[in-house]
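Spelled out from the first residue to the last, the chains are:
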Amino acid sequence: MSSRQNVAPNDLSAFWMPFTANRQFKKAPRMFVKAKDMHYTTSDGRQVLDGTAGLWCVNAGHCRPKIVEAIAEQAAEMDYAPAFQMGHPKAFELANALVNIAPEGMNHVLYTNSGSESVETALKVALAYHRVKGDGSRFRLIGRERGYHGVNFGGISVGGIVTNRKMFGTLLTGVDHMPHTHTPGKNQFTRGEREEGADLASELERIVTLHDASTIAAVIVEPVAGSTGVLIPPKGYLQKLREITKKHGILLIFDEVITGFGRLGTPFAADYFGVTPDIMITAKGLTNGTIPMGAVLVTSEIHDAFMQGPEHMIEFMHGYTYSGNPVASAAGLATLETYKDEGLLTRGAELAKYWEDALHSLKGLPHVIDIRNLGLIGAVELQPIDGAPTKRAFAAFVKAFEAGILIRTTGDIIAMSPPLMITKAQIDELIGTLSTVLKGLE
């Protein structure tokens, strides 16, 4: 392996890269060839500090021994088992382990292969639940502007990021959107949750009045909107959404693909905010990014509604070839063990104040117009270049990579979510390097 670290493919044209400026990348490739703990190694041998946990997913840090060993052992013992009408022990063990750390009442697990598939699964569960309850008139799904729920048709339909939607036709029908929780010009540089704004949840009542509650199946939101640029909910906002949905018999779905598994200093955002949804969507940190896997958790009330009719009949006509894959299940179990052994599901709470102070030290630097944070998530919003949106942040991304840190950009927003094993010294390095990068931007 070591002898090949500096060998790059001589033809990059075949791979059409996701969410990437392909032409720009292939002119000047940025290649990682190795990773360990908090760092990547590039193809030219440089160390890059991971400020994004890969893609919001490597919560325990890279190439952790227990996870690596579990994957290797499981692949050697049994690589695959069919998920339909057959089972294997680790899928059930992992489901039990997930239920044990989930909010009380989230008692059943459906497996998927990604956050996008978890979203599709959750939406299908919500629609089917009302139908098996004899309430099939509930077909509408309510998302939120600037929401991100993956890239499949259901996810981009309830999602609200225009660039992800505009090329793909009419999408799903029967979908509406609440406003997002970001209010530019009023709450710049807020630390954590702002005091005012919970009334934004009342927009759901307006939508209910427009369509009637009897037609609405579910509301789906990210507790903290991540991929759109880290939008923090106001205090009381999620609690109010829960009250409104319960009042009208509407299911509440939390998309915890990003916020799950310790990102806010609690196992899930539902714990942090003290709000338990009816359905909870996870992926990313479930296997620490090592093997594609997602999980959808539902309440017993939802699960039991399907457990009717003849016992030989399939209760829910849904699933994937790789649902609960043995190697992924082994990775998930080892990941949860690593989180437990190292206290990573709550470590974000210990570092949150230090992280917040470090982030907000960037206030006043050139082009910085806002900073947002919660737990170990942070965003630095930059003033766009007139006539060239996204260009300034992309320049920061490239310069940061060259300076030895990995950040993520969305629009003109820099987003960061480091592995939960990050130290205070590494926070200083990450933010100090970013400060230097920002000072050099045009």
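For every chain, the first residue of its written sequence is number 1, and the numbers climb from 1 along that sequence. Whole-chain, interface and lining totals are the exception, using all residues; otherwise, since this is a predicted model, local features are given only for residues with pLDDT of at least 70 and side-chain atom pairs are given and counted only at 80 or more. Based on all heavy atoms of the structure, the side-chain values leave hydrogens and waters out of the count.

1. Quick look at unusual backbone geometry
The line we're drawing: Each helix is a run of DSSP H or I of at least 4 residues and each strand a run of E of at least 2, with the numbering of both proceeding from the N terminus.
Here F189, not a glycine, exhibits a phi torsion of approximately 65 degrees, which is positive. Take F189: it is sitting in the loop between β6 (175-178) and α8 (203-211). At H367, a residue that is not glycine, the phi angle is positive and equals roughly 75 degrees. Counting through the fold element by element, H367 comes out in the loop between α13 (344-360) and β11 (368-374).

2. Some points on the sheet that holds β6
Selection criterion: Strands are treated as partners if at least two bridges between them are detected by DSSP. An axis is simply a line fitted to the C-alpha atoms; with a helix, the fit covers only the stretch in contact. Between two such axes, the angle follows the N-to-C directions and lies from 0 to 180 degrees. We call two residues contacting when some pair of their heavy atoms lies within 4.5 Å.
Sheet architecture is open: seven strands sit in the order β4-β10-β9-β8-β7-β5-β6, paired in mixed fashion. Where the open sheet ends on each side, the last strands, each with one partner, are β4 (106-112) and β6. The mean angle between the axes of side-by-side strands here comes to 20 degrees, regardless of whether they run parallel or antiparallel. Here six bridges tie β4 to strand β10 (residues 294-299), and the two strands are oriented antiparallel to one another. Considered in β10, the bridge of H108 is made with V298. The strands that helix α4 (residues 89-101) touches are β4 and β10; relative to β4, the one it contacts most, it runs at about 135 degrees.

3. Details of a nonpolar patch on the surface
Note the cut-off: Each patch is built from residues that are more than 30% exposed by relative accessible area and take part in no salt bridge. Like charges join if they lie within 9 Å; nonpolar side chains (Val, Leu, Ile, Met, Phe, Trp, Tyr) join within 5 Å. Only the protein chains shown count as cover for residues, with accessible areas throughout obtained via the Shrake-Rupley method and a probe of 1.4 Å. Any carboxyl oxygen of Asp or Glu that lies within 4 Å of a side-chain nitrogen of Lys or Arg is treated as forming a salt bridge with it.
A cluster of nonpolar side chains, F153, M167, F168 and L172, forms an exposed patch at the surface whose accessible area comes to about 440 Å². Looking at the secondary structure, you find L172 in the loop between α7 (162-165) and β6.

4. Considerations on the packing of aromatic side chains
Basically, it comes down to this: Two aromatic rings, drawn from Phe, Tyr or Trp (for Trp, its six-membered ring), form a pair once their centres lie within 6.5 Å of each other, and the interplanar angle then sorts them: stacked below 30 degrees, edge-to-face above 60, tilted otherwise. Type-normalised accessible area, obtained with a 1.4 Å probe on protein chains alone, sets the label of each residue: buried when under 20%, exposed when over 50%, and partly exposed for intermediate values. Charges are assigned to positions over rings by a cutoff of 6 Å between ring centre and Lys NZ or Arg CZ, combined with an angular limit of 35 degrees from the ring normal.
Going through the model one piece at a time under the given rule, you end up with eight aromatic pairs. Between Y272 and F273 the ring centres are 5.0 Å apart and the planes differ by 75 degrees, which places this aromatic pair in the edge-to-face class. A relative accessible area of 7% places F273 in the buried class. Three or more aromatic residues joined by ring pairs form one cluster here, namely F32, Y40 and F401. Looking at R46, its charged tip hangs above the ring of F401, at a distance of 4.9 Å from the centre. K363 extends its terminal NZ or CZ atom over the ring of F189, reaching a point 4.8 Å from the ring centre.

5. Points about the nonpolar core
The condition is simple: As used in this record, nonpolar core signifies buried Ala, Val, Leu, Ile, Met, Phe, Trp, Tyr and Cys residues forming a set joined through side-chain atoms within 4.5 Å.
By size, the foremost hydrophobic cluster in this structure holds 92 residues, and its most contacted members are M178, V380, I414, M416, I431, L434 and L438. Residues A128, L141, I281 and A305 belong to the second largest nonpolar core, which totals 24 residues.

6. Some thoughts on the sheet that holds strand β12 (residues 377-382)
The antiparallel open sheet is built from four strands, whose spatial order is β11-β12-β15-β14. Edge positions in the open sheet fall to β11 and β14 (408-410), since each of these has one partner strand only. Sheet twist, expressed as the average angle between the axes of neighbouring strands with direction ignored, equals 20 degrees.

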